[in-house]
Amino acid sequence: GINPARSLGPALFAASDQAREDLWVFLVAPLVGALIAAFLYTQWFAEVSFYGGLESFYHKKAQREEKRKTEKSRADAPTTEQV
């Protein structure tokens, strides 16, 4: 196989047009691979659903914590019968 780290530098500075024609592979392939890996991770390997992105995940988590705090404060507050 080819080593992109060793091939990218010479392709940038080579006098040959053939090296520059194949340069797109070294620039596009890592991005496409990263997108595929990110998609496969969320579909097959993630234990937490990331539907809606991380922002919605943490937003829902914050809502649950706020709800828990509210319920606890209501349980700890004296009722009108106790007063």
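Our structure is the block above this text.
Residues numbered from 1 in each chain as written. Predicted model: local features only at pLDDT ≥ 70, side-chain atom pairs only at ≥ 80, totals over all residues. Heavy atoms only, no water.

**Student:** Sorry if this is basic, but what is going on with the overall build of the protein chain here?
**Tutor:** When its secondary structure is counted, the protein chain shows four helices and zero strands. Reading the protein chain from its N terminus to its C terminus gives the helix and strand order α-α-α-α. Counting all 83 residues of the protein chain, 6% fall into the buried class. Accessible area for the protein chain stands at about 7,600 Å²; split by element, carbon and sulfur atoms hold 61% of it. (Helix = DSSP H or I, 4+ residues; strand = E, 2+ residues; numbered from the N terminus. Buried < 20%, exposed > 50% of the residue type's maximum accessible area, 1.4 Å probe, protein only. Areas by Shrake-Rupley, 256 points an atom, 1.4 Å probe, with all protein chains shown as cover.)

**Student:** Help me understand a nonpolar patch on the surface, please; the structure alone is not making it clear to me.
**Tutor:** On the surface, a cluster of nonpolar side chains totalling about 530 Å² of accessible area is made up of Trp24, Val25, Leu27, Val28, Val32 and Ile36. Structurally, Trp24 can be placed in helix H3 (residues 23–45). Exposure remark for Trp24: the relative accessible area of 53% places this residue in the exposed category. (Patch = residues over 30% accessible without salt bridge, like charges linked within 9 Å, V, L, I, M, F, W, Y side chains within 5 Å. Salt bridge = Lys/Arg side-chain N within 4 Å of Asp/Glu carboxyl O.)

**Student:** Help me understand a positive patch on the surface in this model?
**Tutor:** Residues Lys60, Lys61, Arg64 and Arg68 make up a contiguous surface patch of positive charge. Looking at the secondary structure, you find Arg64 in helix H4 (residues 53–76). We classify Arg64 as partly exposed; its relative accessible area is 44%. (Lys, Arg positive; Asp, Glu negative; His and termini not counted. Charge placed at Lys NZ, Arg CZ, Asp CG, Glu CD.)

**Student:** Could you clarify how one ought to interpret the environment of Pro10 in this entry?
**Tutor:** Within the secondary structure, Pro10 sits in helix H1 (residues 4–13). For Pro10, a relative accessible area of 49% corresponds to the partly exposed category. Separated by 13 residues in sequence, Pro10 and Leu23 place their C-alpha atoms 9.9 Å apart.

**Student:** Explain the environment of Asn3 to me, please; I cannot follow it from the model alone.
**Tutor:** Positionally, Asn3 belongs in the segment before H1. The exposure class assigned to Asn3 is partly exposed, which follows from its relative accessible area of 38%.

**Student:** Looking at this structure, how should I read the packing of H1 against H3?
**Tutor:** Geometry of a packed helix pair, given as the angle between the helix axes and the separation of the axes. As a packed pair, H1 and H3 sit with axes 9 Å apart at the nearest point and diverge in direction by 135°. One element, H1, and the other, H3, form an angle in the oblique class. For H1 against H3, the interelement crossing comes out left-handed. Contacts from Pro4, Ser7, Leu8, Ala11 and Leu12 of H1 reach H3 at Leu23, Phe26 and Leu27. (Axes fitted to C-alpha atoms, helices over the stretch in contact; angles between N-to-C directions. Parallel < 35°, antiparallel > 145°, perpendicular 65-115°, else oblique. Left-handed = near helix turned anticlockwise from the far one by under 90°. Contact = heavy atoms within 4.5 Å.)

In short, the description is geometric, and any link to function would need to be established separately.
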